[in-house]
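Structure assessment
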Amino acid sequence: MSNLAPANDTALGAESVAALHALVMQSLDDDQAQEIISIPLEGKSSIADHMVIANGRSSRQVAAIAQHLAERIKKETGRSARVEGLPVADWVLIDAGDVIVHLFKPEVRSFYNLERMWGFVDAPVAGNA
């Protein structure tokens, strides 16, 4: 079991946030998500400390990555992540508290372009790598 805070803690310490972020990044890498970027939100937004954006090659892969990530977060932290968008899986949101993950099909990511919305214009836009 990981050293992350239990589910009933509303605010994770900086160490726990970093460990959760590392867990998310490793899980996405393990599941072969594409064009993974992390946008630091600390001090910019109260919704989370990190927003992670990644692609899957298809709706099926997006759904599989999302389900695996939610299971891994639950197993490693004891916290249940909220998952939205699984039935269609063009855009799936995983809210793990201090880390929010957006998983897209490439064309949907390109359309919404969240990186630009958050002022993270240095990040590659999906499909333009």
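Worth saying up front: this structure is predicted, and the values here are computed from it rather than measured.

So, about helix H2 (residues 59-77). Its 19 residues give H2 an end-to-end C-alpha distance of 27 Å, which sits within 8% of 27 Å, the value for a rise of 1.5 Å per residue. Gly78, located one to two residues past H2, shows a positive phi value of around 80 degrees.

As a further point, take the pairing of strand E2 (residues 50-55). Taking burial as the measure, the six residues of E2 include six buried ones, the bulk of the element. On E2, burial covers both faces: His50, Val52 and Ala54 on one face and Met51, Ile53 and Asn55 on the other are all buried.

Summarising the model, the chain shows a mean pLDDT of 85, and 82% of its residues fall at 70 or more. Taken element by element, the predicted model of the chain shows its lowest mean pLDDT in helix H4 (residues 114-117) (82) and its highest in strand E4 (residues 91-95) (98). Note that residues 1-11 has pLDDT below 50 and, in this model, 19 contacts with residues that lie over four places away or in other chains. Under a pLDDT of 50 for its full length, residues 123-129 has, in the predicted model, 16 contacts with residues more than four places off or in other chains.

What follows deals with the side chain of His21. Here His21 lies in helix H1 (residues 14-30). Looking at His21, the relative accessible area reads 16%, which means it is buried. Residues within four places of His21 in sequence aside, it is in contact with Ser38, His50, Val52 and Val99.

Here five strands make up an open sheet; going across it, the order is E1-E2-E5-E4-E3 and the pairing mixed. Only two strands of the sheet have a single neighbouring strand rather than two, namely strand E1 (34-40) and strand E3 (82-84). Taken over all neighbouring pairs, the strand axes of this sheet differ in orientation by 15 degrees on average, direction set aside. The pairing of E4 with strand E5 (residues 99-104) spans five bridges and is antiparallel. Paired with Leu93 across the two strands is His102, which belongs to E5. Here H1 sits on the sheet and contacts E1, E2 and E5; the angle it forms with E2, its principal contact strand, is near 0 degrees.

One finds Val24, Leu28, Ile73, Ile94, Val101 and Leu103 to be the most contacted residues of the largest nonpolar core, which totals 21 residues. Elements with a minimum of two residues in this core: H1, E2, H2, E4 and E5. Ranked by the residues each element gives to this core, the list is headed by H2, at six residues. Other than its neighbours up to four places away in sequence, Leu28 contacts Ala33, Ile36, Val52, Ala54, Ile65, Leu69, Val101 and Leu103.

On to the packing of aromatic side chains, then. Tallied over the full model, the rule gives three aromatic pairs. Note on Trp91 and Phe104: the rings are 4.8 Å apart at their centroids and 35 degrees apart in plane angle, and the pair reads as tilted. Of this pair, Trp91 sits in strand E4 while Phe104 sits in strand E5, and the two are 13 residues apart along the sequence. Ring geometry for Trp91 against Tyr112: centres 4.7 Å apart, planes inclined by 50 degrees, an arrangement best described as tilted. Linking Trp91 in strand E4 with Tyr112 in helix H3 (residues 106-112), this pair joins segments that are 21 residues apart in sequence.

About the cut-offs
- Residues numbered from 1 in each chain as written.
- Predicted model: local features only at pLDDT ≥ 70, side-chain atom pairs only at ≥ 80, totals over all residues.
- Heavy atoms only, no water.
- Helix = DSSP H or I, 4+ residues; strand = E, 2+ residues; numbered from the N terminus.
- Expected span 1.5 Å × (residues − 1).
- Buried < 20%, exposed > 50% of the residue type's maximum accessible area, 1.4 Å probe, protein only.
- pLDDT = per-residue confidence, 0-100.
- Contact = heavy atoms within 4.5 Å.
- Pairing = 2+ DSSP bridges.
- Axes fitted to C-alpha atoms, helices over the stretch in contact; angles between N-to-C directions.
- Core = buried A, V, L, I, M, F, W, Y, C linked by side-chain atoms within 4.5 Å.
- Phe/Tyr/Trp six-rings, centres within 6.5 Å; stacked < 30°, edge-to-face > 60°.

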